[in-house]
Amino acid sequence: MTIMQKKILLLSTGGTIASVVSDAGLVPKESGEQLINMLGELPYDITVEDILQLDSSNIQPEEWKLIAEKIFENRNKYDGIVVSHGTDTMAYTASMLAFMLQNINIPVVLTGSQVPINVVLSDAPDNLRLAFAAAATCCPNIYLAFDRKVMLGCRSVKVRTINFDAFESVNVPPVAKVTSDGLVFSEQNLSKNTRECTLNTEINPHVSLVKLFPGFDPKLLFAMVKSGCKGIVIEAYGLGGMNYIRRNMVGAVGELIRQGIPVIASSQCLYERSDLTKYEVGREALLEGAISARDMTSESAITKLMWGLGQGWDVHQIAEFFNTDVVGEVTIEKDDTLRVD
């Protein structure tokens, strides 16, 4: 009996994984075929397409659209797709792809490495093998595979610059881990959806991500808006608190909301959720119209905001959008209305 090999497409975009040493430092030069050739024999029918050759610091909205279009174009031709990508912006790309390709009908797995694949002790071979295994076995979704973990793309964050365990799955467990038993899946409900996959690459990148710090002048927010900013994510303190004495951030948020500029309040803390209802400094912001990001990553919050604004939605529609779990990016508790009584 002949066992059919899973058909997997590798979309190569550059990054450290494909880099070589040059006088200017590491530069992406290796092709997707060269990456595959360094892995040895794999139990998959692999097709390779080089679509970019960029350090991920140069990956921007134009590249997100190209990658999404390539995935959509090939989604019915393969059992899964692997995207090799630089690590620095990979979490942003994974989050944006989740919004651009809602109800994707195959597993799409992003991966990269901390060390180029042509270095003897590189982490690249293991990460690529994991990505192919995930693309062959996971339920349809957008994932990020790194250091023996498979994570939802919209929950992934780069947390280390040098060590191989560079990414973590924030506020939800990894979808799967590599153990001596192979690829072991968690109990997360990632069942196949029955809706049609849609490609929607309409986004508005004129947004800002601001980390609040003591002494921040809220006038800078209005300067951003005057320069064309259409939405702001503020990494506030703790559960989402913002100051309102002297430099009145809370008042500034209210004024921006009244001007039609959505303001998303997230937390500077990597883990757990923002909750604007708990403290006065959060309740005041909520009363002024601040939109809670709950337990979303900053990468997911800013890409969700870009995508929502790209649909032409106003501040009220953006608020409703952020009160909805679209692709697994946020935890919405039962009866979680975020009201201040």
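Below or above, wherever it landed, is the structure these notes cover. Predicted model, so just to flag it, every value in this text is computed and none were measured.

Rules and cut-offs
Residues numbered from 1 in each chain as written. Predicted model: local features only at pLDDT ≥ 70, side-chain atom pairs only at ≥ 80, totals over all residues. Heavy atoms only, no water. Phe/Tyr/Trp six-rings, centres within 6.5 Å; stacked < 30°, edge-to-face > 60°. Helix = DSSP H or I, 4+ residues; strand = E, 2+ residues; numbered from the N terminus. Buried < 20%, exposed > 50% of the residue type's maximum accessible area, 1.4 Å probe, protein only. Lys NZ or Arg CZ within 6 Å of the ring centre and 35° of its normal. Axes fitted to C-alpha atoms, helices over the stretch in contact; angles between N-to-C directions. Parallel < 35°, antiparallel > 145°, perpendicular 65-115°, else oblique. Left-handed = near helix turned anticlockwise from the far one by under 90°. Contact = heavy atoms within 4.5 Å. Pairing = 2+ DSSP bridges.

Some words on the packing of aromatic side chains
Moving on, step 1. Taken as a whole and judged by the stated rule, the model has eight aromatic pairs.
Moving on, step 2. An angle of 35 degrees between the planes, with centres 5.7 Å apart, marks the rings of Trp-307 and Phe-321 as tilted. Of this pair, Trp-307 sits in helix 8 (residues 298–310) while Phe-321 sits in helix 9 (residues 315–322), and the two are 14 residues apart along the sequence.
Moving on, step 3. Judged by its relative accessible area of 8%, Trp-307 falls in the buried class.
Moving on, step 4. Judged by relative accessible area, Phe-321 falls into the buried class, the value being 8%.
Moving on, step 5. Plain terms: the ring middles of Phe-321 and Phe-322 are 6.2 Å apart, the flat faces sit at 85 degrees to each other, and that makes the pair edge-to-face.
Moving on, step 6. Its relative accessible area of 0% is what places Phe-322 among the buried residues.
Moving on, step 7. Grouping aromatic residues by their ring pairs yields a cluster made of Phe-99, Trp-307, Trp-313, Phe-321 and Phe-322.
Moving on, step 8. Cation over ring: Lys-7 sits above Tyr-78, and NZ or CZ is 5.5 Å from the ring centre.
Moving on, step 9. The ring of Phe-72 has Arg-75 sitting right over it, with the charged end atom 3.8 Å from the ring centre.

Some remarks on the packing of helix 2 (residues 61–74) against helix 3 (residues 90–100)
Moving on, step 1. Their axes nearest at 10 Å, the elements helix 2 and helix 3 cross at an angle of 55 degrees. The orientation of helix 2 relative to helix 3 falls into the category oblique. At the point where helix 2 passes helix 3, the crossing takes the right-handed sense. Contact residues: Trp-64, Lys-65, Ile-67, Ala-68 and Ile-71 in helix 2; Tyr-92, Thr-93, Met-96, Leu-97 and Met-100 in helix 3.

Quick look at the sheet that holds strand 16 (residues 291–292)
Moving on, step 1. Pairing is parallel across the open sheet formed by four strands, whose spatial order is 13-14-15-16. In this open sheet, the two strands that pair with only one neighbour each are strand 13 (207–211) and strand 16.
Moving on, step 2. When strand 15 (residues 263–267) meets strand 16, the two strands line up parallel, connected through two bridges. Across the sheet, the residue bridging to Ile-264 is Ile-291, located in strand 16.

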